[in-house]
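Structure at a glance
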Amino acid sequence: MVEGRYTAQENGVPQGGSLSPLISNILLTPFDWEMRRKGYNLTRYSDDWVITCRTKAEAQAAMQCAKKILEKLGVKLHSKKTRIIHVRAGFEFLGFKIKQGSRPLKLSSDKIKCIARQGQMYAYPTQKSIPLVNNCLEIA
């Protein structure tokens, strides 16, 4: 629906629609099964997914495998969102930045609620996913 009017679509599901997650889960379930059957460590929520690999070669093979399976399902990878990245560089997934620390966190001690050590994995909310507290207080 655009500006209160229905528009015909040849393919795809509008982002943010109430049926979008359900349709993604139904369509991508065979993708989950096949990737796991091939031994890949897949984490998926609706149409967002991450495959964790031990080597760059394994990641490249996983990417090719994913492309083939998704093509059979009539789905194309989003070229700007699909990439191979080392966990030390970090990546965003479902509103969190996930990263392996290579040096101590640069946060004040009052903001760190757990023991984060150099070299360990950690996740923290992205700035976009943190509501503006001042705006919330003004509205209330």
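Procedures and definitions
Residues numbered from 1 in each chain as written. Predicted model: local features only at pLDDT ≥ 70, side-chain atom pairs only at ≥ 80, totals over all residues. Heavy atoms only, no water. Axes fitted to C-alpha atoms, helices over the stretch in contact; angles between N-to-C directions. Helix = DSSP H or I, 4+ residues; strand = E, 2+ residues; numbered from the N terminus. Left-handed = near helix turned anticlockwise from the far one by under 90°. Contact = heavy atoms within 4.5 Å. Nonpolar A, V, L, I, M, F, W, Y, C, P; charged D, E, K, R; others polar. Phe/Tyr/Trp six-rings, centres within 6.5 Å; stacked < 30°, edge-to-face > 60°. Buried < 20%, exposed > 50% of the residue type's maximum accessible area, 1.4 Å probe, protein only. Pairing = 2+ DSSP bridges.

The next subject is the packing of helix α1 (residues 20-37) against helix α2 (residues 56-72). It is at 10 Å that the axes of α1 and α2 come closest, and there the two elements cross at 145 degrees. Helix-helix and strand crossings are classified by hand; for α1 and α2 the assignment is right-handed. Residues Leu28, Phe31, Glu34 and Met35 of α1 form the contact with α2, whose own contacting residues are Ala62, Cys65, Ala66, Ile69 and Leu70. Broken down by class, the residue content of the contact of α1 with α2 amounts to 8 nonpolar, no polar and 1 charged.

This part covers the packing of aromatic side chains. Counted under the stated rule, the structure contains 1 aromatic pair. Relative to Trp49, the ring of Phe31 has its centre 5.0 Å away and its plane inclined at 55 degrees; by these criteria the two rings are tilted. In this pair, Phe31 is assigned in helix α1 and Trp49 in strand β2 (residues 48-52), connecting sequence segments 18 residues apart. In this structure Phe31 comes out as buried when scored by relative accessible area, which is 0%.

Right, let's talk about the pairing of strand β1 (residues 41-45) for a bit. Where burial is concerned, the two faces of β1 differ: the one with Leu42 and Arg44 is buried and the one with Asn41, Thr43 and Tyr45 is not. Both β1 and β2 contribute to a ladder of 5 bridges, which runs antiparallel. Bridge pairing links Leu42 to Ile51 in β2. From the end of β1 to the start of β2, which pair antiparallel, there are 2 residues, and Ser46 there has a positive phi angle of about 55 degrees.

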